[in-house]
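Listed below, chain by chain, are the residues.
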Amino acid sequence: MAAKKEAKGPTMIETFGEFKEQKNIDRTTLVSVLEESFRNVIAKLYGSDENFDVIVNPDKGDFEIHRNRIVVADGEVEDENKEISLTDAQKIEPDYEVGEEVSEPVDFTKFGRRAILNLRQTLASKILELEHDSLYQKYKDKVGMIVSGEVYQIWKREILLMDDEGNELHLPKGEQIPTDNYRKGETVKAIVKEVQNENNNPRIILSRISPAFLERLLEAEVPEIADGLITIKRVARMPGDRAKVAVESYDERIDPVGACVGVKGSRVHGIVRELCNENIDVINYSSNVQLFIQRALSPAKVSSIVLDQENRKAEVYLQPEEVSLAIGRGGMNIKLASMLTEYTIDVYRVVNESEADEDIYLDEFADEIDQWVIDSIKAIGLDTAKAVLNAPREMLLEKADLEEETVENLLSVLRAEFE
């Protein structure tokens, strides 16, 4: 006869059954966890659980526990948990003999409140551990994929989202698009960046600034990418401002750029909105580095390129009117082109021969410009006044590591020489 545990409200098995429905725990795991929890308590009560049979039936919400003992002669019982005297055995069944095994049902409810509490705590601990394992495995398999969550809490350093199963998802400040604006209760899309699991406590980290987020959005919007007809080769992003995507197709009948953009930009409109109006440039990828750099600097038209493949550097020469297009607002276009091509790109204006003849070496300005400034400029490969005037302002600020005021004074002196 099954020994059933009596309790107010739902039984422990029913409680676990509810958990099973919510967390999709398979039946084998459910039975295993319940059995292990019972055995842990039995081992504490009897010193060992080796001679116990635990039968769990989660479908019916009950369980059976049987203790198996060997019949020994009266007065020879050494371990009361594993042995039973002949007299006591014959009280159960008169025909028992020495050496036979006696199996008795155990009424778990008679073990007392402490044992019941111990079982509940053990079971709760196992359930929590199972839940964490399940959550970790679920999201570990989703790294690099897009998920949605509802904004639950907004903090200074991160946003806490909840998925449709009530699991916590974390969107740190550094992984948010700078112009993102969240309200409690709204749904947010992001990519699973990583799943941390310190002390078996999963923490799911999301990102909206990852290049992979843009890749997944394009895959969802462009059937040819999902079908493998178009390949996304590289993505460079300045989140919330601008992005460049290099695509390629092995099918000559398909225009990869046109397919990604869609008629009048129809296929990227939704993505642009999702990324807070991030402007998306789609270009054709090329294994020809010079051609790829030229395309990456679009909309500027490049006159010539000198490559240093060993150091992955490129000197790009353009007509004066194209320089500002190549650099872009705040240097954005050239930065994205460098990120996309994985080459350091330096932009120079094309100087005709008559202008070159009129050029002046920087050393001749030593009486007007501090020598350390001249040395800093020469260290980045600019030796003449016109070379400096033709160079991007960002190059002087960042590569030569000069202050804004110093650069302004330098340019003012050099311009005056040619006026």
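Above this text you will find the structure in question.
Thresholds applied
Residues numbered from 1 in each chain as written. Predicted model: local features only at pLDDT ≥ 70, side-chain atom pairs only at ≥ 80, totals over all residues. Heavy atoms only, no water. Helix = DSSP H or I, 4+ residues; strand = E, 2+ residues; numbered from the N terminus. Rg over C-alpha atoms; globule rule 2.2 N^0.38 Å. Buried < 20%, exposed > 50% of the residue type's maximum accessible area, 1.4 Å probe, protein only. Areas by Shrake-Rupley, 256 points an atom, 1.4 Å probe, with all protein chains shown as cover. Lys, Arg positive; Asp, Glu negative; His and termini not counted. Charge placed at Lys NZ, Arg CZ, Asp CG, Glu CD. Polar contact = N/O pair within 3.5 Å; in protein donor to acceptor, adjacent residues only side chain to side chain. Pairing = 2+ DSSP bridges. Patch = residues over 30% accessible without salt bridge, like charges linked within 9 Å, V, L, I, M, F, W, Y side chains within 5 Å. Salt bridge = Lys/Arg side-chain N within 4 Å of Asp/Glu carboxyl O. Phe/Tyr/Trp six-rings, centres within 6.5 Å; stacked < 30°, edge-to-face > 60°. Lys NZ or Arg CZ within 6 Å of the ring centre and 35° of its normal. Core = buried A, V, L, I, M, F, W, Y, C linked by side-chain atoms within 4.5 Å. Contact = heavy atoms within 4.5 Å. Axes fitted to C-alpha atoms, helices over the stretch in contact; angles between N-to-C directions. Arc of directions from axis to C-beta.

1. Observations regarding the overall build of the chain
Logical step 1: Of the regular secondary structure elements, the chain holds 16 helices and 15 strands.
Logical step 2: Relative to the 2.2 N^0.38 estimate, which gives 22 Å for 419 residues, the radius of gyration of the chain is 37 Å and therefore markedly larger than a compact globule would have.
Logical step 3: If one aligns the C-alpha atoms of the chain with their principal axes, the spans along those axes are about 125 × 55 × 40 Å.
Logical step 4: Within the chain, the fraction of its 419 residues that count as buried is 43%.
Logical step 5: In the form shown here, the chain has an accessible surface area of approximately 23,400 Å², with 45% of it arising from carbon and sulfur atoms.
Logical step 6: Between the centroid of the 52 positive side chains of the chain and the centroid of its 83 negative side chains there is a distance of 6 Å.

2. Considerations on helix α5 (residues 211-221)
Logical step 1: Every buried residue of α5 is accounted for by Ala212, Phe213, Leu214, Leu217 and Leu218.
Logical step 2: Capping the start of α5 is the job of one residue whose side-chain oxygen sits 3.1 Å from the backbone nitrogen of Ala212: Ser210.

3. Thoughts on the pairing of strand β14 (residues 313-318)
Logical step 1: By the alternation rule, side chains of β14 split into Ala314, Val316 and Leu318, which are all buried, and Lys313, Glu315 and Tyr317, of which none is buried.
Logical step 2: For strand β13 (residues 304-308) and β14, the ladder comprises five bridges, and the chain directions are antiparallel. The partner of Leu307 across the bridge, within β14, is Ala314.

4. Observations regarding a negative patch on the surface
Logical step 1: On the surface, Asp74, Glu76, Glu78, Asp79 and Glu80 cluster together to form a negatively charged patch.
Logical step 2: Position of Glu76 among the secondary structure elements: in the loop between β2 (62-72) and β3 (83-85).

5. Some details on the packing of aromatic side chains
Logical step 1: Taken as a whole, this structure holds four aromatic pairs when the rule is applied.
Logical step 2: Centroid distance Tyr46 to Phe52: 4.9 Å. Interplanar angle 45°. Geometry classified as tilted.
Logical step 3: Across the ring face of Tyr285, the terminal group of Lys233 is positioned such that the distance to the ring centre comes to 5.2 Å.

6. Quick look at the nonpolar core
Logical step 1: By size, the foremost hydrophobic cluster in this structure holds 25 residues, and its most contacted members are Ile293, Leu297, Val316, Leu318, Leu340, Ile345 and Val347.
Logical step 2: Among the elements of the structure, α9 (289-296), β14, α10 (320-327), α11 (332-341) and β15 (344-349) are those that each provide at least two residues to this core.
Logical step 3: With five residues, the top contributor of residues to this core is α11.
Logical step 4: Those residues within four positions of Leu340 in sequence are excluded, and the remaining contacts are Arg234, Val235, Ala236, Lys244, Ala246, Ile283, Phe292 and Ala296.
Logical step 5: One finds Leu214, Ala243, Ala259 and Ile271 within the second-largest nonpolar core, a separate group that totals 24 residues.

7. Here's the deal with the pattern of salt bridges
Logical step 1: Following the criterion strictly, the structure yields 23 salt bridges and no others.
Logical step 2: Salt-bridge contacts for Glu274 lead to Arg208; the nearest nitrogen and oxygen are separated by 2.7 Å. Of this pair, Glu274 sits in helix α8 (residues 266-274) while Arg208 sits in the loop between β9 (201-207) and α5, and the two are 66 residues apart along the sequence.
Logical step 3: Judged by relative accessible area, which is 23%, Glu274 ranks as partly exposed.
Logical step 4: A residue is classified by how much of its surface remains accessible, and Arg208, at 4% relative accessible area, is buried.

8. Regarding the side chain of Asp251
Logical step 1: Mapped onto the secondary structure, Asp251 falls in the loop between β11 (242-249) and α7 (256-261).
Logical step 2: Under the relative-accessibility criterion, Asp251 is labelled buried at 18%.
Logical step 3: At 2.9 Å, the side chain of Asp251 forms a polar contact with the side chain of Arg253.

9. Concerning unusual backbone geometry
Logical step 1: Residue Pro299 is reached from Ser298 by a cis peptide bond, and omega for that bond is 20°.
Logical step 2: With respect to the element layout, Pro299 can be found in the loop between α9 and β13.
Logical step 3: Here the phi dihedral of Asn200 falls at roughly 55°; this positive angle occurs in a residue that is not glycine.
Logical step 4: Here Asn200 is to be found in the loop between β8 (187-198) and β9.
Logical step 5: For Arg312, which is not a glycine, the phi torsion comes out positive at approximately 50°.
Logical step 6: Relative to the assigned elements, Arg312 resides in the loop between β13 and β14.

10. Examining the sheet that holds strand β10 (residues 230-238)
Logical step 1: The mixed open sheet is built from three strands, whose spatial order is β10-β11-β12. Looking at the sheet topology across the chains shown, the edges are occupied by β10 and β12 (279-284). Ignoring strand direction, the axes of neighbouring strands in this sheet form an average angle of 20°.
Logical step 2: Of the pairings in the sheet, the one linking β10 to β11 comprises eight bridges and is antiparallel in character.

11. With respect to the environment of His170
Logical step 1: Structurally, the position occupied by His170 is in strand β7 (residues 168-172).
Logical step 2: Assessed through its relative accessible area of 8%, His170 is described here as buried.
Logical step 3: Once residues within four sequence positions are removed from consideration, His170 is found in contact with Glu158, Ile159, Leu160, Arg203, Ile204, Ile205 and Leu206.
Logical step 4: Within the structure, His170 has its side chain in polar contact with the side chain of Glu158 (distance 2.9 Å).

12. Re the environment of Asp346
Logical step 1: Tracing the chain through its elements places Asp346 in strand β15.
Logical step 2: Measuring from C-alpha to C-alpha, the distance between Asp346 and Lys91 comes to 98 Å, with 255 residues separating the pair along the chain.
Logical step 3: When neighbours within four sequence positions are excluded, Asp346 is seen to be in contact with Ala314, Glu315, Val316, Met395 and Lys399.

13. What to know about α10
Logical step 1: Taken together, the buried positions of α10 are Glu322, Val323, Ala326 and Ile327. Seen from one end, α10 has its buried residues packed into an arc of 135°, which puts them on one side. Away from its buried face, by an angle of more than 90 degrees, α10 presents the exposed residues Glu321 and Ser324.
Logical step 2: On its buried side, α10 packs onto β14, α11, β15 and α15 (393-399).
Logical step 3: Once α10 finishes, Gly328 follows within two positions and takes phi at roughly 80°, a positive value.

Fair warning: the whole summary comes from geometry, so function is off the table for now.
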